[in-house]
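Each chain, written out:
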Amino acid sequence: MRASLLTCCWPGLTKLWLYGQWNGFVAAGVFTLLLNFALAATFLESPSLGSGWRITAWVLAVGFWAISFWGSRREQFRRQSQERVACTDMAEGAKGVDLYPQAQTEYLKGNWFEAERLLDQAIVSRPSDVDAHLMLAALFRHTERFEECGRQLTRLSGMPGAEKWYLEIFREKELLNRLKEDRLTDEPDDADRNPQAA
């Protein structure tokens, strides 16, 4: 933490040293020119440079330094908060790391109840787990819970990260529609169900 604070003391050094951004050279160069001009205006006696130039040079140098210091600290805080969020997401993922493979094993065995229980837990611990949502939709299709399957696929289509499973989601929707059509054609008419009514 102390090292990152020290890099803020010279404009551009944070970007260059900590983040490897070469545009930090520009800020460092501009500050060097301003500081050299302010020092020259202060210590070199020149009739062409009055006290107004000296004050202006120092105001520019100090102002540039203050703005750069504030911007560097803000950038460091932003990156640290992003790292904390990433660590939290990884920790949350680690909590449910065994749930998805276990659910997959149960799913492949045809143990629908146990697979659904594990998938529900995986989704609760990590709601953005697209894989778990997709497997749950497939499970609903296998257990002929077509309405739940349709809702799950609709929810899944709008989730971030679902693009990688676009073909699988499309295939699930096709299978679901085919199963619904088959069920409609298999259902007998009212007259077939109750021949005495005719």
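A quick note: this is a predicted structure, and the numbers were derived from the prediction, not measured. (Residues numbered from 1 in each chain as written. Predicted model: local features only at pLDDT ≥ 70, side-chain atom pairs only at ≥ 80, totals over all residues. Heavy atoms only, no water.)

Concerning helix 8 (residues 146–157)
What counts here: The helix and strand labels rest on DSSP assignments: H or I over at least four residues marks a helix, E over at least two residues marks a strand, and numbering proceeds from the N terminus. A helix's residues, less one, multiplied by 1.5 Å, set its expected span. For the exposure calls, accessible area comes from a 1.4 Å probe over protein chains only, and a residue counts as buried if that area is under 20% of its type's maximum, exposed if over 50%, partly exposed in between. The arc in question is the one spanned by the directions pointing from the helix axis to the C-beta atoms.
For helix 8, spanning twelve residues, the distance from its first C-alpha to its last is 16 Å, which sits close to the expected 16 Å at 1.5 Å a residue. Of the positions making up helix 8, those classed as buried are Phe-146, Cys-149, Gly-150, Gln-152, Leu-153 and Leu-156. Angularly, the buried residues of helix 8 cover 165 degrees about the axis, an arc narrow enough to put them on a single face. Counted as exposed and oriented over 90 degrees from the buried face of helix 8: Glu-147 and Thr-154.

Focus: the layout of surface pockets
To be explicit about the condition: Grid points spaced at 1 Å and placed over the protein atoms alone form the basis of the search, with a cavity being a set where a 1.4 Å probe fits but cannot get out and a pocket an open set showing protein on both sides within 12 Å along at least five of seven lines. Lining residues have an atom within 4 Å of a point. Grid points are joined across faces, edges and corners, and a volume is the space filled by probe spheres set on the points. Gly counts as polar in this scheme, as do all residues outside two lists: the nonpolar Ala, Val, Leu, Ile, Met, Phe, Trp, Tyr, Cys and Pro, and the charged Asp, Glu, Lys and Arg.
A volume near 210 Å³ is recorded for the largest pocket. In terms of lining residues, the largest pocket is bounded by Tyr-100, Gln-104, Tyr-107, Leu-108, Asp-131, Leu-134, Met-135, Ala-138, Trp-165, Glu-168, Arg-171 and Glu-172. When the residues that make up the lining of the largest pocket are grouped by side-chain class, the tally is seven nonpolar, one polar and four charged. What the second largest pocket holds in volume is close to 170 Å³. If you go around the second largest pocket, the residues you meet are Gly-12, Leu-13, Thr-14, Lys-15, Asn-23, Gly-24, Ala-27, Ser-68, Gly-71, Ser-72 and Glu-75. Among the secondary structure elements, those contributing two or more residues to the lining of the second largest pocket are helix 2 (13–18), helix 3 (24–43) and helix 4 (51–95). The dominant element in the lining of the second largest pocket, judged by the number of residues it contributes, is helix 4, at four residues. Along the lines of polarity and charge, the residues of the lining of the second largest pocket split into two nonpolar, seven polar and two charged.

Concerning the UniProt feature "transmembrane region" (unreviewed entry) in the protein
To keep it simple, the criterion reads: UniProt positions are given in the numbering used here, feature names are shortened, and annotations may be inferred rather than shown by experiment.
UniProt annotation of "transmembrane region" (unreviewed entry) refers to residues 22–43 and 55–72 when read in the numbering used here. As annotated, residues 22–43 has a helix share of 91% and a strand share of 0%, and its two end C-alpha atoms lie 32 Å apart. In residues 55–72, the share of helix is 100% and the share of strand is 0%. The end C-alpha atoms are 25 Å apart.

Here we look at the packing of helix 6 (residues 112–125) against helix 7 (residues 130–142)
What counts, and what does not: Each axis is a line fitted through C-alpha atoms, and for a helix only the stretch in contact is used; angles between axes span 0 to 180 degrees, taken between their N-to-C directions. For this classification, under 35 degrees means roughly parallel, over 145 means roughly antiparallel, 65 to 115 means roughly perpendicular, and everything else is oblique. In a left-handed crossing the near helix is turned counterclockwise from the far helix by less than a right angle, and in a right-handed crossing that turn is clockwise. Only heavy atoms enter the contact rule, under which two residues are in contact if any of them lie within 4.5 Å.
Their axes nearest at 10 Å, the elements helix 6 and helix 7 cross at an angle of 150 degrees. Considering their axes alone, helix 6 and helix 7 lie roughly antiparallel with respect to each other. Relative to helix 7, the crossing made by helix 6 is left-handed. For the pair helix 6 and helix 7, contact is made by Trp-112, Ala-115, Glu-116, Leu-119, Asp-120, Ala-122 and Ile-123 and by Ala-132, His-133, Met-135, Leu-136, Leu-139, Phe-140 and His-142, respectively.

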